[in-house]
Every structure is written in structure tokens, then in C-alpha cells.
Amino acid sequence: MKTNVVVKESESIEAQPRIGVYVCHCGLNIARIVDCEKVAELASYLDDVVVSKNITYACSEPGQQEIVDDITDQGLDRVVVASCSPRLHEPTFRQMLKKAGLNPYLLEMANLREQCSWVHMKEKDAATEKAIDLVKMAVSRARLLYPLIEEILPLTKRTLVIGGGIAGIQASLDLADNGYDVVLVEKRPSIGGTMAQLDKTFPTMDCSI
Amino acid sequence: MTDVGRHPRIKLYTMSEIVDVKGYVGNFDVSILKKARYVDETDCTACGDCVDVCPVVRPDEFNLGLSSRKAIFMPFPQAVPSAYLINVNECLGHNPVVCAKCIEACDKDCINFHMSDEEIVESVGSIVVATGLSVYEPTELDEYAYTRFENVLTSLEFERLINAGGPTQGEVIRPTDRRPPKSIGFIQCVGSRSARKGASYCSNVCCMNTVKGTLMLKEHYPDIDIKVFYIDIRAFGKGFEDLYRRSQRLGVQYLRGLPGTVEEIADQSLRVSIENTVKGRLETHELDMLVLALGIKPATGTRKLQEMLGLQLTPDGFFLEAHPKLQPVDAATRGIFYAGCAEGPKDIKESVTQSSAAAARAIRLMHKGEITTEPITSEVIPENCTSCGKCAEVCPYNAITVDIKNKIPAVVNSAACAGCGTCAAECLFDAIIMNHFTDSQILNQVDALLEESPKEKILVFACNWCSYAGADFAGVSRIQYPPNVRLIRTMCSGRVDEKFIWDGFGKGAPVILVSGCHIGDCHYIDANHWTEKRVKKVRKKMDKLGIRPERLQLEWISAAEGVRFAEVMQRMETLRREVTAEEIAETIRILKDRKKKKKQV
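A short tour of the structure in this document, coming up. (Residues numbered from 1 in each chain as written. Chains lettered and ligands numbered in written order. Predicted model: local features only at pLDDT ≥ 70, side-chain atom pairs only at ≥ 80, totals over all residues. Heavy atoms only, no water.)

## Brief notes about the overall build of chain B
- Secondary structure assignment for chain B yields 16 helices and 29 strands.
- Buried residues in chain B amount to 56% of all 601 residues.
- Considering only contacts within chain B whose residues lie at least 6 apart along the sequence, 67% involve residues at least 24 apart.
- Roughly 26,400 Å² of accessible area belongs to chain B as shown, and the carbon and sulfur atoms make up 51% of that amount.
- For chain B, the distance from the average position of its 76 positive side-chain charges to the average position of its 79 negative side-chain charges is 6 Å. (Helix = DSSP H or I, 4+ residues; strand = E, 2+ residues; numbered from the N terminus. Buried < 20%, exposed > 50% of the residue type's maximum accessible area, 1.4 Å probe, protein only. Contact = heavy atoms within 4.5 Å. Areas by Shrake-Rupley, 256 points an atom, 1.4 Å probe, with all protein chains shown as cover. Lys, Arg positive; Asp, Glu negative; His and termini not counted. Charge placed at Lys NZ, Arg CZ, Asp CG, Glu CD.)

The structure is reproduced here in C-alpha cells:
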């Protein structure tokens, strides 16, 4: 499997890109406003786009499987997912690429939900037009993506907890009891925070210290 | 609390503050300023001999000034560490020996006036921010007369009064005559849920704090008359409604309506006037004592810490989580987590839950003992590098080394590089590639965007952490804005190269917006300073070339400013409408000429 990955990556740099575009409906979140079928159809005419589909939920198990299958069957080497914000599902789809044997950095997302369908709810045509542009932009960027290798660095197994109130105390004890060293920093001369000043606390009505 | 003091794996620094944080997820170097205690906390046995001889008497902060302490003191009996400390500003001093009585009294010789503040550096892999809260100061709410009448107390003062370990051993008495009150009123939402004074959010804990207070009072003084003035009683948690009903059954009167005024009457009792909105009438109530249920505010020092750690705040001033539902204890910065009220007002149970969650998230990150870093870092093409040193100058992380004297090309330390891309944007010789955000990748996006009817479109560069997130927040909040806006995401606004802007205008863009985190909030320390400088420079050049500089805008929009994002987009649309087709054509011509001239040179 591993050798397979390397072959695909080296191929993708040199050969003509083979891009797959997936326009997600996100149920009706996107599809109610944006004409996803039209977006997918127009995207299929773009250079280097080999597959262009619309898909009910790209992030769902069957949705991801469909993309993974296309990567294998159609020899895709770049994927554009036009769905929600990359701040939400970029990690999901990067994992999916990994699963399909592609470098995770060969993914590009177009934000059709947070930055299109949800903010132009009363302008369906303009929103569709914007979606087409966003996909076009994503494809043009995807064309030039190249694989990147993640670096593995050592990590200090130690946590700084800032604040020694009930929250800081609980977090420190949980970490320390799990075998992690903790540095607990408190501004005041004693830990305890605001809770230490309270009388009995609900529901046990016992002393708060 | 004592478990923390005793735990072999917990190193506790009290009277300490974070002054600097360097590094990145997995490997942070934290500078801690430990203030001098003047008492050796390991040797001190808390015998109290020093306190007996100290002549300085001051109000006790822990009891909110309801009792007194000495200049050498223990914050409260169960304090951890169990050691005294000296407030050196209050102490009469020892040199020349003005007082020094405590030194004589201490058998263990733990008092040391030569102690000084220490700066300690600790290496950690993750950070939990549990900075808690501060309490609302009711002084600005003059209608409740907290500053004028002594028998108006805050809820925290009341907690100290009814506490068996408090200044009165749990005896609730009036400050003026030290007699137990026969009637007490509680005023809810002091500093909360008000657009006028205090905060507009609900502080979450004050309703139940009051309900509990009424139960404690009824337990101690069954005949006491208690009235609670409220807008809504929010008893939403498990078992909360039962507690509220129990309080009502015990005869506590809940009256809907907040007092408009508080007057002092004979014997320093208080008269409040309310509009009872259940009964629809004006009422006055006479009470021996009033308790103000104070709201929760962000902790002092939140802002400083936010800047140090490169975090974001909500408009309320609490820390902003990476995702309100799916990552409620994660900060947007990897390796940093929130616990307790730092993230928003919450009660004890919720704080504990969140703290355990934060601990679990930190463990999830650390348990492998290694960390994979994003390869979104910059790289130098040695053949193009002139060793001018600009990249090293702009790098916020000191991740680039160049030997200017010996003309040795720049080298990027990829472990230290955080990937803002400022170096690539500032390099005049195209000698730096910003991986995953290369010039050609971004220019391709600009070109695709402006391919058809560029005149109608608004090109926006947005940084991943603030402006792009702000746009997402506008989306989540369904705030509508003009649909001709197109965003290009970069990790930092520092990445926005001059050539992207020239390319945009050259391809017919009517307006361009560069947007990033507010100054001071930059996710990459201060990379956005370079953005600001660069945009200024480009605007000057535009002016010289005869292109209206207003067509290039710079805005700082935070991740929480969805409304502001939409407003800025509206403004960009207004600007765009002012740009005529002739003006765009003229700009394209000017920039073509400029290119030609540059080529000739």
C-alpha cells in the first residue's frame, strides 16, 4: 500500500492533473439556495476536471466512499470539495485523501455554505453564480497543488494550567492523575479561586473548599 | 485543594503570572514571574506567631473587607500552600529596623526580606487556560445605592457573611447595627442582561446562587422574610427547578420586577420601589437588608493573556472557542484549551465538566509523545536569494537565518516557522516559496475570479484565523451581505503579496480588500504589522500611478465579528459601485505600461 502512495504522489507532480469536483448539497443547507447540479455541470467543463458530481452529504460515510472510489477508479490526483468551511471539514477530507492513498494536501475546498448559501439566502441566482466562481477558483488553485510531507517533532508531555480556581484545580488533578506533569500557575497567594469564597454549594450543600 | 498541594506531579506556583509564551504546540516555553512572598512557603508551619506581633491592620480581601488582617497574613485558613505572606507595601519594613517584629517571633526563620521576584522558564507541551472570572462592580448602578447605603451588600459579601468560616462565623447581621435582619431582599441580574449598564449576557449562576442563599437563610432563620426581585428565574440545570420550588414552599416571595430606586429610611433600613409586572402595579417594599446578585465578567488580565497566546475573544470579552459545538474546549491555536469561566460564565458543575474535558483533550494531544506539524511552511530557493535579509527581519518567529555579510542565502527552520507567509510576501526576488499558499496558486485564484465580468466582483483576501473565520461566523449567524464578494483565504494577511494586488487591479478588479486580525490579535505574533505597512505602501504607489488608492482597503475583522464582516462587505459594495468601467480600463492601461517599463529596466 505504501509504495502505491509514493507512485501516485510522484505521478501527480509531473502528469496533467486529474481533478475531481464534488459539489455538496449539505442536505438542503446549500442545495436550497445554490443550484448544485448546475455548479457541478459547469465545473465539469473546466480544464483538468475529470469527474464532477453533486453529492448529498460529502462528509457522510457513503459520500466519502464515493469520492475514494472515484480516486481509485478514475485515477484522480486532486480533489475539490465544494461544501462547508474548510475550517470545519478540511481535516475530514484530508483524512479521506490519505485513506485513498493521496497526499492530504492535494485537497482544496470551496466554501459554499458559510460563505455562500447561508449569507445570500434571498438571492438564489447570484448565490449560484458565486458558487460557480468559488468552484472555479478552487479548481484553478487545485491544479497547482503539490504533495507536502508532515514533519514529526518531539513533544513535551507536560501541561501548563493558568489559574488555580475550581477549573484549574480539576484540570490539573485530571492530568496529573493520568500521569502527566502539570505546572499550575496562580496569581493569588492561594489556589481556590472564587469558589473558595462561597458558602455551601448546590446540590450537596457542603462546604465549597 | 490540598490534593493539588500534595500531588507529586503538580508543580504549584502561587503569586505568579505568565509574562511570556514562546514556541508552538508540543513545545511551549513559558516565562513565569513569581512574586516574592517574603515567607519561605516550605518551612512555614502556619503557626501564626508572626501575626500576633504584626502591628499593621488592613481590610481582609478574602472577606471583602468585612474583617481585617495583618500585613503578614494567610489569605484564608485552608489556603494552599499553607503559608503566610507579607504584603510588602503595607509592611513597616525592616531596614533600618523599624519593626521586624515578625522576624523575631518566627522560630523557624522563614521570614526573609531579601526575597525578590523571580522569573522562571518552564517547558510544556500544552496549555489549559483556566483564568476564571471577575465579579461585576455595582458602583455604576447608582439606583441600587451600593456605595451610599451600608446595608446594601453584594452577593459575594453575603456569601462571606453566611459562611461559618466568615467574619461573623455564619451569623447574618446588618453592617450598620450588627443585628440580624428580619427581612432581606435580593435584586437579580445586577450587571447582567442589560443593554444599558453591565453586560447584555446572562451570567448563568446568579439565579441559583440567590435561590441557594434563600434556603440557607430559611434554614438558619425560619421566620425571616425574604423577597427576590427578578426578571426571569433561570433554573435550567439538573435539580435546579426542585430547589427553586423548595425555596418558594418555604415562603420566599419571588416578585417579578427590578427596583427602580432604593431609599434609606429610619434605622437605615431600605425601601425599594418596583413595578410588579405579574400583578401590573407599582409596589414599595421595606427591607432591613438588600443583596445584589452580581454578574460574572471576564477575568482581569484576559486581554494580556489573549495577546500573549494569540487567542481570540468574543465581543463579551471571554475567550473564543475553536467551534461552539464541536470543539467547545479547544482554542483555535493548537495545544491550547479552555476550562471554566475563562470561556464564558458557568457554574461549578459545568466548570468541572469542562476542565475534565480540557484535560482529556490535552492528553489526547500529548499521549503519543510526538506531534505532526503542518507542512505549511516557507522554503528558500537559494539560487534566487540575494541574502538581503528582509525575510529574517519580518519573520515574527526568528525562524529565518541569513548571513548578510558573507552573502550566504537564507535558511528557514521549518520547526520554528509557523507558516504566516510574510517572508514570501516581502521577498523582492521571489526567492521564497510559501508551501500550500504559493504565488502561482493564489494568482490562479485571482485570475479565475476575475475571468468573467470582473467589474461586478469584490476581491477579498482574508486571513484564516480572524477574517475568514469572521466570514464563517456571519454565515453561521445567517447575516446577509452582497453576493458578489469572493474570498481568497491565506493563513495570515501578512501573506498578501503586493503582486496579488497589482494582478487583481491589472485584471480589472474594481476594489480589493485585504483583511486580517486586529493589531495585537495576530495569530502570528505581529505579522499583520507588515500587512499594514505594505498596504500603505501600495496605496501610495497607486496614488502616484493615478489609481484611486481608496479602491484598496484594509480592514481588521475578528473571528467573532460576523456583523462587522457583513458591514464591511456592504461598504466595499458601495465603493465598488463608484468605480466606473472607464476607470477600470484606465487602471488596466496604467498597469500594463508599468509592467512594460519594468521589463525594459
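So much for the structure itself; the text now carries on.
## A word on the overall build of chain A
- Helix and strand counts for chain A stand at seven helices and seven strands.
- What you see in chain A, going N to C, is helices and strands ordered as α-β-α-β-α-β-α-β-α-α-β-β-α-β.
- Dimensions of chain A, computed from the C-alpha atoms along their principal axes, are close to 70 × 50 × 30 Å.
- Counting every position in chain A, which comprises 209 residues, the buried fraction comes to 59%.
- Of the roughly 8,300 Å² of accessible surface on chain A, 52% is carried by carbon and sulfur atoms.

## Describing the sheet that holds strand β28 (residues 511–516) of chain B
All names here are of chain B.
- Ordered by their spatial adjacency, four strands build an open sheet running β27-β26-β28-β29, and the pairing between neighbours is parallel. Here the strands that pair on one side only, and so sit at the sheet edges, are β27 (485–490) and β29 (552–556). Strand after strand, the sheet turns through a mean of 20° between neighbouring axes, direction not considered.
- When strand β26 (residues 458–463) meets β27, the two strands line up parallel, connected through six bridges. Looking at β27, one finds that Ala462 is bridged to Arg489.
- Along the sheet face, helix α14 (residues 527–545) touches β28 and β29 and points at about 160° away from the line of β29. (Pairing = 2+ DSSP bridges. Axes fitted to C-alpha atoms, helices over the stretch in contact; angles between N-to-C directions.)

## Details of the packing of helix α7 (residues 166–177) of chain A against helix α8 (residues 348–366) of chain B
- Relative to each other, α7 of chain A and α8 of chain B sit at 40°, their axes nearing to 8 Å. Taken together, α7 of chain A and α8 of chain B sit at an angle that is classed as oblique. Crossing hand, α7 of chain A versus α8 of chain B: right-handed. When α7 of chain A is examined against α8 of chain B, the residues Ile166, Ala167, Gln170, Ala171, Asp174 and Leu175 of chain A are found in contact with a partner set consisting of Ile348, Ser351, Val352, Ser355, Ser356, Ala359, Ala362, Ile363 and Met366 of chain B.
- Here the residues of the contact of α7 of chain A with α8 of chain B sort into ten nonpolar, four polar and one charged. (Parallel < 35°, antiparallel > 145°, perpendicular 65-115°, else oblique. Left-handed = near helix turned anticlockwise from the far one by under 90°. Nonpolar A, V, L, I, M, F, W, Y, C, P; charged D, E, K, R; others polar.)

## As for the interface of chain B and chain A
- Listed per partner, the contact involves 117 residues of chain B and 85 residues of chain A.
- Counting the surface lost from both chain B and chain A, the interface buries some 8,800 Å², and carbon and sulfur atoms represent 60% of this.
- Joining chain B to chain A, the criterion identifies eight salt bridges.
- Its salt-bridge partner being Glu451 of chain B, residue Lys136 of chain A comes within 3.2 Å of it at the nearest N-O pair.
- If you look at where chain B meets chain A, you find 66 residue pairs in polar contact (both at pLDDT 80 or more).
- A per-element tally of the side of chain B that touches chain A places α8 of chain B first, with ten residues.
- A class-by-class count of the residues in the side of chain B that touches chain A yields 63 nonpolar, 33 polar and 21 charged. (Buried area = accessible area lost by both parts, 1.4 Å probe. Salt bridge = Lys/Arg side-chain N within 4 Å of Asp/Glu carboxyl O. Polar contact = N/O pair within 3.5 Å; in protein donor to acceptor, adjacent residues only side chain to side chain.)

## As for the environment of Glu61 of chain B
- Considering the arrangement of structural elements, one finds Glu61 of chain B in the loop between β4 (57–59) and β5 (68–70).
- Judged by relative accessible area, Glu61 of chain B falls into the partly exposed class, the value being 46%.
- Taking C-alpha positions, Glu61 of chain B is 7.9 Å from Pro75 of chain B, a pair spaced 14 residues apart along the chain.
- If we ignore the near neighbours within four places in the chain, the residues touching Glu61 of chain B are Gln197 of chain A together with Arg69 and Phe73 of chain B.
- A polar contact of 2.8 Å, which involves the side chain of Glu61 of chain B, links it to the side chain of Arg69 of chain B.

## Digging into helix α16 (residues 581–600) of chain B
All names here are of chain B.
- Here α16 contains 20 residues, and its C-alpha end-to-end distance of 29 Å stays within 8% of the 28 Å for a straight helix at 1.5 Å per residue.
- The complete set of buried residues in α16 reads Glu583, Ile584, Thr587, Ile590, Leu591 and Arg594. Down the axis, α16 shows its buried residues gathered within 120° of arc, on one side only. Across from the buried face of α16, at angles greater than 90 degrees, the exposed residues are Glu582, Lys592, Lys596, Lys599 and Gln600. (Expected span 1.5 Å × (residues − 1). Arc of directions from axis to C-beta.)

## A closer look at the nonpolar core
- Counting 105 residues, the largest nonpolar core has Val21 and Val79 of chain A together with Phe461 and Leu552 of chain B as the members making the most contacts within it.
- Per-element accounting of this core gives the leading share, nine residues, to helix α6 (residues 124–142) of chain A.
- Looking at which domains feed residues into this core, each of domain 3 (373–436) and domain 4 (439–600) of chain B supplies at least three.
- With near-sequence residues (within four places) excluded, Phe461 of chain B lies in contact with Ile442, Val446, Ile488, Val496, Phe500, Ile512, Leu513, Val514 and Ser515 of chain B.
- In terms of nonpolar packing, the next biggest core, distinct from the first, is built from 54 residues, Leu153, Ile169 and Tyr180 of chain A together with Ile10 of chain B among them. (Core = buried A, V, L, I, M, F, W, Y, C linked by side-chain atoms within 4.5 Å. Domains from an automatic or database assignment.)

## Things to note about the packing of helix α13 (residues 498–506) of chain B against α14 of chain B
All names here are of chain B.
- Two elements in contact, α13 and α14, have axes separated by 10 Å at closest approach and are oriented at 40°. Viewed along their axes, α13 and α14 adopt a mutual orientation that is oblique. Relative to α14, α13 is oriented so that their crossing is right-handed. Along the contact surface, α13 presents Glu498, Ile501, Trp502 and Phe505, while α14 presents Arg534, Lys537, Val538, Lys541, Met542 and Leu545.
- Tallied by class, the residues present in the contact of α13 with α14 amount to six nonpolar, no polar and four charged.

## Points about the environment of Leu365 of chain B
All names here are of chain B.
- Its location among the elements puts Leu365 in helix α8.
- Take Leu365: its relative accessible area is 16%, and that puts it in the buried class.
- Separated by 242 residues in sequence, Leu365 and Ser123 place their C-alpha atoms 16 Å apart.

## Brief notes about the sheet that holds strand β15 (residues 261–264) of chain B
All names here are of chain B.
- The strand order across the open sheet formed by three strands is β15-β16-β17, and the pairing between neighbours is antiparallel. In the strand order of this sheet, the two ends are held by β15 and β17 (281–287), each with one partner. For this sheet, the mean inter-axis angle between neighbouring strands, taken without regard to orientation, is 25°.
- Both strand β16 (residues 270–276) and β17 contribute to a ladder of seven bridges, which runs antiparallel. Paired with Asn276 across the strands is Arg281, a residue of β17.

## Topic: a negative patch on the surface
- A cluster of acidic residues, Asp35, Glu37, Asp125 and Glu129 of chain A, forms a negative patch at the surface.
- Secondary-structure assignment places Glu129 of chain A in helix α6. (Patch = residues over 30% accessible without salt bridge, like charges linked within 9 Å, V, L, I, M, F, W, Y side chains within 5 Å.)

## Things to note about unusual backbone geometry
All names here are of chain B.
- Following Val80, the chain continues into Pro81 via a peptide bond in cis, with omega recorded as 0°.
- Note that Pro81 resides in the loop between β6 (72–73) and β7 (85–86).
- Positive phi, close to 55°, is recorded for Leu64, a residue that is not glycine.
- Mapped onto the secondary structure, Leu64 falls in the loop between β4 and β5.

## A look at α14 of chain B
Residues and elements named next belong to chain B.
- Relative to the 27 Å expected for 19 residues at 1.5 Å per residue, α14 spans 27 Å between its end C-alpha atoms, a close match to the ideal helical length.
- Considered for burial, the residues of α14 that qualify are Ala527, Asn528, Trp530, Thr531, Arg534, Val535, Val538 and Met542. Burial along α14 is one-sided: seen end-on, the buried residues are contained in an arc of 135°. The outward face of α14, more than 90 degrees from its buried face, is lined by the exposed residues Lys533, Lys536, Lys540, Asp543 and Lys544.
- Of the residues one or two after α14, Gly546 is the one with positive phi, at around 90°.

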